[in-house]
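# Overview (structure and organization)
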Amino acid sequence: MASGQQWVLVEMVQAFYEAPAYHLILEGILILWIIRLLFSKTYKLQERSDLTDKEKEELIEEWQPEPLVPPVSKDHPSLNYNIVSGPPSHKITVNGKECINFASFNFLGLLDNERVKNKALASLTKYGVGTCGPRGFYGTFDVHLELEDRLAKFMRTEEAIIYSYGFATIASAIPAYSKRGDIVFVDEAACFSIQKGLQASRSFLKYFKHNDMEDLERLLKEQEIEDQKNPRKARVTRRFIVVEGLYMNTGDVCPLPDLVRLKYKYKVRIFLEESLSFGVLGEHGRGVTEHFGVNIDDIDLISANMENAVASIGGFCCGRSFVIDHQRLSGQGYCFSASLPPMLAAAAMEALNIMEEDPDIFVVLRNKCKHMHKALQGISGLKVVGESFSPAFHLQLEKSSGSREADVKLLRAIVDYCMDRKIALTQARYLDKEERFLPPPTVRVVVTVEQTEDELELAASLIKEAAQTILK
Amino acid sequence: MTESAANKPENGEGCYRSANGLKPGQNGCVKHHYLYQQRQKKYCYPEDQVHHVACNGGMYKRPFNESFEETPMIVAVLTYMGYGILTLFGYLRDFMREWKIEKCHIARERDEQKDFVPLYQDFENFYTRNLYMRIRDSWNRPICSVPGAKFDLVERVSHDYNWTFKYTGKVVKDVINMGSYNYLGFAENTGICADAAADVTTKYGVGVASTRQEMGNLDRHEDLEKLVAKFLGVESAMAFGMGFATNSMNIPALAGKGCLILSDELNHASLVLGARLSGSTIRVFKHNNMQSLEKLLRDAIVHGQPRTHRPWKKILILVEGIYSMEGSIVRLPEVIALKKKYKAYLYLDEAHSIGALGPSGRGVVDYFGLDPKDVDIMMGTFTKSFGAAGGYIGGRKELIDYLRSHSHSAVYATSMSPPVVEQIITSMKCIMGEDGTTIGRDRVQQLAENTTYFRRKLQEMGFIIYGNSDSPVVPMMLYMPAKIGAFGREMLKRNIGVVVVGFPATPIIESRARFCVSAAHTKEMLDTALNVISEVGDLLQLKYSRHGLIPLLDRPFETTYEENED
């Protein structure tokens, strides 16, 4: 058998020698042809769209971009700001008129507190104003460390981290944990900074109806069924619920105990935004967890700003070290931004001192809120939206006049009416096109501890009067 | 300067092309520079280039010296080996932690939540756990004084290899500060700025507790914005409470779906985030590479949007004035020429360059002697040169009106703190000379002198320095991961505070130290710092450069801006 094969081989070689030259050349060409067919693409991708340079020049010449920004009409409702001269405290001068402030979120009246100012001044004399660097590169001051420590102790959590800008706090915290492919369950009424944080996270978003736990549970159940279909994916898909303590857009409080129950039932983590409720709710001002008596360790992350009750600048997140520490390298607004000016941190610290020394301040605030809330009931044409213990709540038109623009105009007339009579109010402002679920137009009323009962009564009766004259 | 002289004919040739063959602004020169960079990785424009200036319409009035010396091969190999060893040991120690041979310091999940989906992927923290943790003491060093030319550090020690720090209660006094972005030395606790800020604190308090659109628009904010507009030479300006957010919250107001954003590959995280939030298509061009930018522009206009082939609504180019990790200065004249040719819009982030560049401290536009009107969106921060916090955007009145009504920041974020505003107003007036002194101008001048001196000395010592010769941000290459920590520690031991950076802030092999020169540094301080750097450089063998510069002893200590006035 072996010799047979050898014979064939010898024969082949012989044939090769004997074959005429033209035959060999032909076969060679054929082989090359086959190789070419094997290695060349069968079609060319861009053959059709090849443009000559001249055509390209023409296209470039032809292209006209849109203007950088569309023109804004001179009387755009949000173009002309109110000008506040002097401090924006209890007595405020708006457009030259002295008013009582029912618009700034200065709930505890700490904005022009002498003690706070003195601490800020002392810090200014020691550190100057700016920090000239991010936290990583010599922008960490001893004041920052102390404030973080104090905030953690105040909230009774393991750790706190401070940001230099309230808006950036939750907007940076969410994308530090929730990534592409993760699922976030979020309340429809969530404020804008949450929405931006979610957008930056590129996670999969599921909106549930405002404060509707049944709707949330329905979504969670749906997800559970989905997970059973694909358990491998489910094992790595993180899920979060993002809610606010007191909602900026509605003045409602979130049903936290129910949320915690759902958290353990469906194994979802809770992120809680407490910008309005921190320093307001609870016996010691610890916010909505204290208000409901929920164990703070059950909440994975709490974020709040120090721009409302604390009346400084900046924000913080707190929770367990396991969670919070991660932001020190992953929180974009923390790593890549200059740190909080030390004098503002010192002011926030003194505000915490005042809150700790005198927890009665929260009772006073709550009573005033209730008082105002009650006084504003029963105005024809306007309804009060929000909890009775919320220091920032909304007045909404009972019946919309049909278009948002007309509503805004009516409410503006009410605000102007009050402003002329020394009560400074403001409409809640939104970016109509950017909001996921645009809240209805409202006037926001802010109650602070500095407002006397007479002033509350005065404001309420003025608003009533305004509604009667304008809404008819 | 020897190299630049040698390259002169080439430059001339490049310009000839643009003069003869193509229309002005057609970027014959641009192409040429690109090739040049490819070949030499070093930009040099001869000082006496009258010819050059004439033929491309005065693109560069100053010599543009920018260098990125290539990494020596042996160093690159050793660096990769370093990372390899660290990674191997990382796995080993992870294994030991897993089996409880080594004590684990990492914070753990609560027991109640052990059955939740893990919050972090295991590999996510591998780098942090095994590489960063070894040299963590070089970052986040707490300071307890003004971040001026010298500062005091809070002493801290770690007994568990950087997992936790203990404060000893002692203070390391008078450390020379080469890390803070205090370019003009306005980080001060005495003087006019601090006094003005103190007055305002007493009058206004520190907070505002409302947004600009609602009840937080103070008269001081309006004053600041008028001043900023005047300073920049633009029609109108708006200020925001945080520099990072100025980018991330305003770019979405300017671009949206159907728009194209062309972004430099080394742009800051805030620009990247802003671009991403805007929902536009983002394309990235090579760092400061005009040919890459032009190609993207051409392709974008010719081909339109992907799939639909509709023309783009608008094209926005995002660049920075000084790149904070490279120390390079944007090639602004060429960017403007391209932007005009292709009808794109230009967003210029002057976070590091405002105050720090230009004969009158007006930033990179001033530095190149250009018209601020050619830049559509002038953005910058107050954190650095002004010693305050926040950011601004300046431009045409229509732009600012639009932002006032549509910026996320104006509607939803608390406005700036009054004392911070006052610090900016006072320091800016000082730079403009409106306070009746020449302090501001002198500081701008001093910074330019310090920068040239410091950069030149480092180069002479044989370090590899990145970036433009006029940039006060001075990155010095360390390369190897072990040297990051070693350099930071050795410098601190000798009472100099420096910033060291490694991956992921830089490419993996290009770890570096970064010095920020300040006008507040005296010549003695710089000399002390330079001596120490040289000493540590010898100790750690950091003098990698093979382009030896001979010290020019006869060269006087000259002022940079005057040398080109003629």
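Just so you know, these numbers come straight off a predicted model, no measurement behind them. (Residues numbered from 1 in each chain as written. Chains lettered and ligands numbered in written order. Predicted model: local features only at pLDDT ≥ 70, side-chain atom pairs only at ≥ 80, totals over all residues. Heavy atoms only, no water.)

### Comments concerning the overall build of chain A
This is how the line gets drawn: Only runs of H or I of at least four residues qualify as helices and only runs of E of at least two qualify as strands under DSSP, and these elements are numbered from the N terminus. It is over C-alpha atoms that the radius of gyration is taken, and the globule rule equals 2.2 Å times the number of residues to the power 0.38. Exposure categories follow from relative accessible area, calculated using a 1.4 Å probe and restricted to protein chains: below 20% of the type maximum is buried, above 50% is exposed, and the middle band is partly exposed. Any two residues whose heavy atoms approach within 4.5 Å are treated as being in contact. For accessible areas, the Shrake-Rupley method is used with a probe of radius 1.4 Å. Any residue's cover is judged against the shown protein chains and nothing else. Counting rule applied: Lys, Arg positive; Asp, Glu negative; His and chain ends not counted. Charge coordinates come from a single atom per side chain, which is NZ of Lys, CZ of Arg, CG of Asp or CD of Glu.
When helices and strands are tallied, chain A shows 19 helices and 15 strands. Over its C-alpha trace chain A gives a radius of gyration of 33 Å, far above what one expects of a compact globule, namely 23 Å for 472 residues. Considering only C-alpha atoms, chain A reaches an extent of 120 × 55 × 50 Å along its principal axes. Residues counted as buried form 56% of the 472 residues belonging to chain A. In chain A, 68% of the contacts between residues at least 6 apart in sequence involve partners at least 24 apart. In the form shown here, chain A has an accessible surface area of approximately 21200 Å², with 55% of it arising from carbon and sulfur atoms. The averaged location of the 65 negative side-chain charges in chain A is 2 Å from the averaged location of its 56 positive side-chain charges.

### Observations regarding the interface of chain A and chain B
Our working rule: Using a 1.4 Å probe, buried area is obtained as the accessible area two parts lose upon being combined, added over both of them. Counted as salt bridges are all cases of a side-chain nitrogen of Lys or Arg within 4 Å of a carboxyl oxygen of Asp or Glu. What qualifies as a polar contact is a pair of N or O atoms within 3.5 Å, subject to a donor-acceptor requirement within protein and to the restriction that residues adjacent in sequence count only when both atoms come from side chains. Charged residues are taken to be Asp, Glu, Lys and Arg, nonpolar residues to be Ala, Val, Leu, Ile, Met, Phe, Trp, Tyr, Cys and Pro, and polar residues to be all remaining types, Gly included.
Counting from both sides, the interface comprises 116 residues of chain A and, opposite them, 118 residues of chain B. Interface area lost by chain A to chain B is led by A:Trp63, A:Tyr81 and A:Tyr138, which between them contribute 10%. Where chain A packs against chain B, one counts six salt bridges. Linking B:Glu109 and A:Arg320 is a salt bridge whose minimum nitrogen-to-oxygen distance equals 3.7 Å. Remark: the boundary between chain A and chain B carries 44 residue pairs in polar contact (both at pLDDT 80 or more). The greatest single-element share of the side of chain A that touches chain B, amounting to seven residues, is contributed by helix α4 (residues 114-127) of chain A. Looking at the side of chain A that touches chain B residue by residue, the classes come out as 60 nonpolar, 28 polar and 28 charged.

### Some words on the confidence of the model for chain B
Residues and elements named next belong to chain B. Note the threshold: As a per-residue quantity, pLDDT reports the predictor's confidence and falls between 0 and 100.
Per-residue confidence for chain B gives a mean pLDDT of 86; residues scoring 70 or more make up 86%. Counting interchain partners and residues more than four positions distant, the pLDDT-below-50 stretch residues 1-57 has 88 contacts. The ipTM, which scores confidence in the relative placement of chains, is 0.88 for this predicted complex, and the corresponding pTM is 0.87.

### Considerations on a nonpolar patch on the surface
Residues and elements named next belong to chain A. Selection criterion: Without a salt bridge and with relative accessible area above 30%, a residue can belong to a patch; like charges are then joined within 9 Å and nonpolar side chains (Val, Leu, Ile, Met, Phe, Trp, Tyr) within 5 Å.
Side chains of Ile31, Leu32, Ile34, Ile35, Leu38 and Phe39 sit close together on the surface and give an oily, nonpolar patch of about 690 Å² of accessible area. Looking at the element boundaries, Leu32 is found in helix α2 (residues 21-39). For Leu32, a relative accessible area of 59% corresponds to the exposed category.

### Re unusual backbone geometry
Residues and elements named next belong to chain B. Of the consecutive residues Phe503 and Pro504, the connecting peptide bond is found in the cis state with omega at 5°. Its place among the elements puts Pro504 in the loop between β15 (499-501) and β16 (511-516). A positive phi angle, close to 60°, is found at His309, a residue other than glycine. In this fold, His309 is placed in the loop between α11 (290-303) and β8 (315-320).

### Some points on the sheet that holds β16(B)
In any sheet, the strands associate via hydrogen bonds between backbone groups, in a parallel or an antiparallel arrangement. All names here are of chain B. As a reminder of what qualifies: Strand pairing follows a simple DSSP-based rule, namely that at least 2 bridges must link the two strands. All axes are obtained by fitting lines to C-alpha atoms, using only the stretch in contact for helices, and the reported angles, taken between N-to-C directions, cover 0 to 180 degrees.
Spatially, three strands are ordered β13-β16-β15 in an open sheet, and the strand pairing comes out antiparallel. Unpaired on one side and paired on the other, β13 (473-479) and β15 mark the two borders of the sheet. When strand polarity is set aside, the average angle formed by the axes of neighbouring strands in this sheet is 25°. Strand direction decides the pairing type here: β13 and β16, joined by six bridges, are antiparallel. Bridge pairing links Met477 to Arg512 in β16. Packing of helix α17 (residues 439-461) onto the sheet brings it into contact with β13 and β16, and relative to β13 it is tilted by some 20°.

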